[in-house]
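Listed here are the chains, written in short residue letters.
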Amino acid sequence: MMKLYIANKNYSSWSLRPWLTLKGLGIPFEEVMVRFDDFGPGSRFHAALDAIGAGVRKVPILVEDDGFAVWETLAIAEYIADRHPEIAVWPRDPQARARARSYCAEMHAGFGSLRNLCPMNIEAYFPEIGTRLMESEAGLRKDIARIDQIWSEALAASGGPFLFGEFGAVDAYFAPVVMRATRFALPLSPAAAAYAKRIEQLPAMAEWIAAALLEQTYVAEDEPYRGHR
Ligand SMILES: N[C@@H](CCC(=O)N[C@@H](CS)C(=O)NCC(=O)O)C(=O)O
């Protein structure tokens, strides 16, 4: 069975994407948790990833039984779709599929302000910081407005409940954004907020969140707003 190497569920936004794609679509896989440590020479994190032999020191990495590895979330999503043509990992309609991929690529390459200022930290809640950042950071306001536009236009076009109707990789791609928006209480339109709630209440997402809350591991690199406990 294929293995998905991921890091801390509380923090690892990139890990969440393929994990939720697989879990949410009912595709069997084995999860390998490689916790963040110091990233330095001899770190357990690097040792575990080096053992895969792909030369990649970031998660997620999907590894087949024969050792074949796929990394980078967009490549992993495409590989999952190729391996499971019977499942609508992407929308079936070519134009809807292209649009879903455009959104994912836009997410993958952009939204720097949201990513830097509001890191995923599922167990934390920073509404005051979110409000302050929305006032002071034009880039964050722009990112949130664009997220809202993407979600609203996709939901209006498909009729929901997920961006392209049924749940798929594109929804998993935005799941970390849902975690950031809810934890920093970032303002969303009613349609976008309802979508965020739907993602948060997906059984697979609820499973990830529950596991994240149990971790109780503090990773300083991912904690711009909380002192060491
Ligand atoms: N573009 C990559 C990003 C992967 C990434 O940055 N992963 C983070 C964890 S969320 C990581 O492994 N960081 C460890 C490091 O940078 O040393 C993808 O799409 O998979």
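Structure's up top.
Residues numbered from 1 in each chain as written. Predicted model: local features only at pLDDT ≥ 70, side-chain atom pairs only at ≥ 80, totals over all residues.

1. Here we look at the site of the ligand
Point 1. In the vicinity of the ligand lie 13 residues, with Ser12, Trp14, Lys58, Val59 and Thr73 positioned nearest.
Point 2. Here the residues of the shell around the ligand are counted per class, giving five nonpolar, five polar and three charged. (Near = placed C-beta within 6 Å. Nonpolar A, V, L, I, M, F, W, Y, C, P; charged D, E, K, R; others polar.)

2. Some words on helix 3 (residues 73–83)
Owing to its 3.6 residues per turn, the α-helix brings residues three or four apart onto one side.
Point 1. Among all positions in helix 3, only Thr73, Ile76, Ala77 and Ile80 are buried. An end-on view of helix 3 places all buried positions within 100 degrees of arc, on one side of the element. Counted as exposed and oriented over 90 degrees from the buried face of helix 3: Ala75 and Asp82.
Point 2. Of the surrounding elements, those touching the buried residues of helix 3 are helix 1 (13–24), strand 3 (61–63), strand 4 (69–71), helix 4 (94–109) and helix 8 (169–183). (Buried ≥ 20, exposed ≤ 12 C-beta atoms within 10 Å, placed from the backbone. Helix = DSSP H or I, 4+ residues; strand = E, 2+ residues; numbered from the N terminus. Arc of directions from axis to C-beta. Contact = placed C-beta atoms within 7 Å.)

3. Points about the nonpolar core
Nonpolar side chains tend to gather and get buried jointly when the protein is soluble and globular.
Point 1. Tyr5, Trp151, Val170, Ala175 and Val178 are the most contacted members of the largest nonpolar core, which totals 65 residues.
Point 2. It is helix 8 that contributes the most residues to this core, ten residues altogether.
Point 3. Formed jointly, this core draws a minimum of three residues from each of two domains, domain 1 (3–88) and domain 2 (94–215).
Point 4. Setting aside residues no more than four positions away along its own chain, Trp151 makes contact with Leu163, Ala192 and Tyr195. (Core = buried A, V, L, I, M, F, W, Y, C linked by C-beta atoms within 7 Å. Domains from an automatic or database assignment.)

4. Description of unusual backbone geometry
Point 1. At the junction of Val59 and Pro60, the peptide bond is cis and its omega measures out at 5 degrees in the coordinates.
Point 2. Tracing the backbone through its elements, the reader meets Pro60 in the loop between helix 2 (44–50) and strand 3.
Point 3. Going from Gly160 to Pro161, the amide bond is cis rather than trans, its omega being 5 degrees.
Point 4. Counting through the fold element by element, Pro161 comes out in the loop between helix 7 (138–158) and helix 8.

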